Amino acid sequence: MSGLIALIDLERRPVARQLMSRCVEVSAHRGPPGSATPLPWVHLSALGSHAQVMTNRRFALLVHGRASLLGSPSARPTIDDLLQSCERDGLQALDDLDGEVAWIGVDLRSGEVRFARDRSGIKPLMKRVSGTLLGFASEPAPLLEIGPRPAPNEGMIAEYLSGAPQHRSETLWQGIERVNPLAVGAISSAGHMTISPSRRIELASPSRSDAEWLEALRATMTAAVTDRIDADGITAVELSGGFDSTTNLAIAASTSEHERLLAVVRDYTGTPTEETAYWQAALRRYPVPSLITPAQESHAGWMLTDARLTGDRPVVPHLGAWRTELSAIRRHGVRVTLSGQGGDERLGHSYRLPQQRLLHGDLVGAYQAVRHHAGVEAPRAIARRLFSAAAAGLVGPRGPDSGSRSWLTADLRRRVHLQERIMPRRHGAPTPVQNELIEWATGEIPHQYLEAAERTASAHGLELRHPFFDWRVIELCCQMPERLRTTPTDPRAAHRHAFADVLPRAVTERRDKADFTEPYRASVIDEAIFDDPTRASVVTNGWVDERWLCGAVERTRAGALGSAALLTIVASVEAWARVWVDE
C-alpha cells in the first residue's frame, strides 16, 4: 500500500496546506500519509509503507518503490544515501536509479525539479501543471484537486474504446499526463521543462553458445525473482499453472524458506478444469503453503469502486475477480505479491511481424480481437481457429473487421483513425522482434495493465512485483537470438529448455496458453452497468453508438460471446464516465 503526492509552486509561493490535505484525502486508499517537507512552496507526501520523503538544507526527495542502482540491482541505497549523492553530483545523481521506483527531486536553492519513473513503467507517475503549481501523483484523482476540473480527453477516450490505446503520455483528462518510462524530466528554475532519454536497452548480442544463452536466461530470471522477495515477511506468488507463474514459484521455493511463501491460485469456475492439473502439479513439486481463492464477483461493483477511488478507469477485465484474491492474500499478512505478467511477451510471442504470425502468448489479445466476429465457440476452439488463420496469413493481430470500429460514434472514429494518434512509437530497435519486445516493455502493458493492477493492489495494502519486467530480463530477451527464444512449433523454446529440470513435467510439456477467458464470459454484463443501454453515459456523451450497444448487450445476455470482450472495455469507460463526468 503506497503512493506519492507532490505539489510544487514554480514561483516559490506558498502551497496551501488545505490543498495538500484534500489531495491526500482522495488517496487514502493507498495508505496513511508519511513524512512531508516543511517548506511552504514544496509539499511532498509519501503514502503507505513503500514511499519515503527526506530533506536537508539543499534537496528534497520523494521516492516510491524499491530503488536500486544501474548495473547493481542488489545495491539498495537508502534515501539518505541518495541525498548524499545529490550533495555530491546534484539531482542528476538520481538518473542512475533503477528498479520498480518513481522519484521526484527538488533543488531547494535553485528551484530545479527532476523526476522519472522506472524504465519498465511499473510504478505510475502522473503530472499536471495548473498556473504556477506543478503536481505529481501516483494516480489522476489527486491532480483533479489542484486546479479547475479538466475536461475529458476525448482523443484518449476514443483510443481506449477502440481497444488500442497508443498515446502513452495522455490520460482520460486533458492536462493530466503520464510520465513515460525511458525518460527523465527536468524543470529549470525558470520553469522550462525538458524530457531526455534515460539509459536505453543494450541490443548488441553477445557471442554465446546456445547452452550459454540458456544458462544466462536461468541466472537472470533467478536474480529477478529473488531480488523481489519480501525479506521481512511472507511473499505471495500468483500461480496459474502456466510457464511464467510456475517459474516464479519454482525459483522462490528454491531460494526461500517455504513457510515464507504463499502460492495463490485463482479459481474461476469452482470446478476442475484443464488448468487444474497444471497448478496441482506445481504444488506437488513445491510444497509451499497455498491459497485457492474463488473468482466470482460483481463486474460492475469493482469497476465503479475503482473508478471512484482513482479518477481513471480500470482497464483489466479480470480485476473484478482479482479483488477477491487480493482481500484473501492480505488477510494472511502478505505485503508483496509476485506476478507472472510479461513472460509471454518476453519469451513467447511477437505478433506484429511481417509474417502475421500469432503465437502461443497472444491468446488473450487474440480473444479480444476476434470475439466480435467469432460467434459462439469454446475459447480453445477460437484459439485453434486463430492459429490456423494466422498460419495462412488470413488474419492480422486485431481481426479482419477491427478497422471499422462500428461501435464508436462517427466523431470518435475520426479521432481514433487520425494518423498521428494511431502511429505506434518506435525506439530505434533494428529488428521487428526487438521493436516488439521494447514496445511491450515500455508501452502497452505498463499503461493498459500494470497501472490499473497497481492501483487495485494498493487499495488492498499490497505491492505487486514483476520479475519479467526486470530490466536485465528485458535486455537479455532483446539480445537472445530469435531462433532460440521462440519457434513456430515451440513458442516457449528457450524458457522450456532453460528450466526443464526445475518445472513440473506437466508444465514443460504443455503447448497451450492458460485460459483466462472466464471473467469475460461470466461477468461481462451486469445489470448495474447496462441496466438501460440507451441511458448509458457512453451513449449520452456521444462516444458509443447506441444501436450497437443495445444489440451487443442483448446478444451477450442471450449467451453469444461475439461482443463480450469489447463490452468489458465499454463497461470500464462507462464506470469512469458515470463517476467522474456525469457526477
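As the structure is a computational prediction, the values presented were derived from the model and not from experiment.

**Focus on helix 24 (residues 546-557)**
In step 1: The end-to-end C-alpha separation of helix 24 is 17 Å, in line with the 16 Å expected for 12 residues at 1.5 Å each.
In step 2: The complete set of buried residues in helix 24 reads W548, L549, G551, A552, V553 and T556.
In step 3: A distance of 3.2 Å separates the backbone nitrogen of R547 from a side-chain oxygen at the start of helix 24, and that oxygen is part of D545.
In step 4: Two residues or fewer past helix 24, G559 is found with a positive phi of approximately 110°.

**Structural notes on the nonpolar core**
In step 1: Grouped together as the largest cluster of nonpolar side chains are 41 residues, with contacts concentrated most on V538, W543, W548 and L549.
In step 2: Elements that contribute at least two residues to this core include exactly helix 3 (140-143), helix 4 (154-162), helix 8 (299-310), helix 13 (410-417), helix 22 (527-530), helix 23 (537-540), helix 24 and helix 25 (564-582).
In step 3: The element contributing the most residues to this core is helix 25, with 11 residues.
In step 4: Sequence-distant contacts of W548, that is, excluding residues within four places in its chain, are made with S406, W407, R555, S563, L566, L567 and V570.

**Focus: the pattern of salt bridges**
In step 1: Enumeration over the complete set of coordinates arrives at 26 salt bridges.
In step 2: D89 is the partner of R88 in a salt bridge, and the nearest nitrogen-oxygen pair spans 3.4 Å.
In step 3: The network of salt bridges with shared partners includes E100, D227, R228, D470 and R472.

**Focus: the state of the cysteines**
In step 1: For the structure shown, the criterion picks out zero disulfides.
In step 2: For C477, which is in no disulfide, the shortest distance to another cysteine sulfur is to C478 and amounts to 7.3 Å.

**Some thoughts on the sheet that holds strand 11 (residues 183-187)**
Whenever strands of a sheet pair, they do so through backbone hydrogen bonds, lying parallel or antiparallel.
In step 1: An order of 4-5-6-7-11-12 is seen for the six strands of this open sheet, with the pairing classed as antiparallel. Both edges of this open sheet fall to strand 4 (51-55) and strand 12 (193-197), since each of them pairs with a single strand only. Strand-to-strand twist of the sheet, defined as the mean angle between neighbouring strand axes without regard to direction, takes the value 20°.
In step 2: Alignment of strand 5 (residues 59-69) against strand 6 (residues 97-107), held across 11 bridges, turns out to be antiparallel. From the neighbouring strand, H64 faces strand 6, where its bridge partner is A102.
In step 3: This element, helix 2 (residues 79-89), spans strand 4, strand 5 and strand 6 of the sheet and lies at about 120° to strand 5.

**Thoughts on the confidence of the model for the chain**
Low-pLDDT stretches of the model should not have their predicted coordinates read in fine detail.
In step 1: Taken residue by residue, the chain gives an average pLDDT of 79. The fraction at 70 or more is 76%.
In step 2: Contacts for the low-pLDDT stretch residues 350-380, under 50 throughout, to residues beyond four places or in other chains number 108 contacts.
In step 3: Every residue in residues 382-403 is under pLDDT 50, and counting partners more than four places away or in other chains gives 48 contacts.

**Quick word on the environment of T235**
In step 1: Here T235 lies in strand 13 (residues 235-238).
In step 2: The exposure class of T235 is buried, given its relative accessible area of 0%.
In step 3: For the pair T235 and S256, spaced 21 residues apart in the sequence, the C-alpha separation amounts to 9.7 Å.
In step 4: Each residue touching T235, except ones within four places of it in the same chain, is listed here: I229, D230, R260, L261, L262, V336 and L338.

Thresholds, definitions, all that
- Residues numbered from 1 in each chain as written.
- Predicted model: local features only at pLDDT ≥ 70, side-chain atom pairs only at ≥ 80, totals over all residues.
- Heavy atoms only, no water.
- Helix = DSSP H or I, 4+ residues; strand = E, 2+ residues; numbered from the N terminus.
- Expected span 1.5 Å × (residues − 1).
- Buried < 20%, exposed > 50% of the residue type's maximum accessible area, 1.4 Å probe, protein only.
- Polar contact = N/O pair within 3.5 Å; in protein donor to acceptor, adjacent residues only side chain to side chain.
- Core = buried A, V, L, I, M, F, W, Y, C linked by side-chain atoms within 4.5 Å.
- Contact = heavy atoms within 4.5 Å.
- Salt bridge = Lys/Arg side-chain N within 4 Å of Asp/Glu carboxyl O.
- Disulfide = S-S within 2.5 Å.
- Pairing = 2+ DSSP bridges.
- Axes fitted to C-alpha atoms, helices over the stretch in contact; angles between N-to-C directions.
- pLDDT = per-residue confidence, 0-100.

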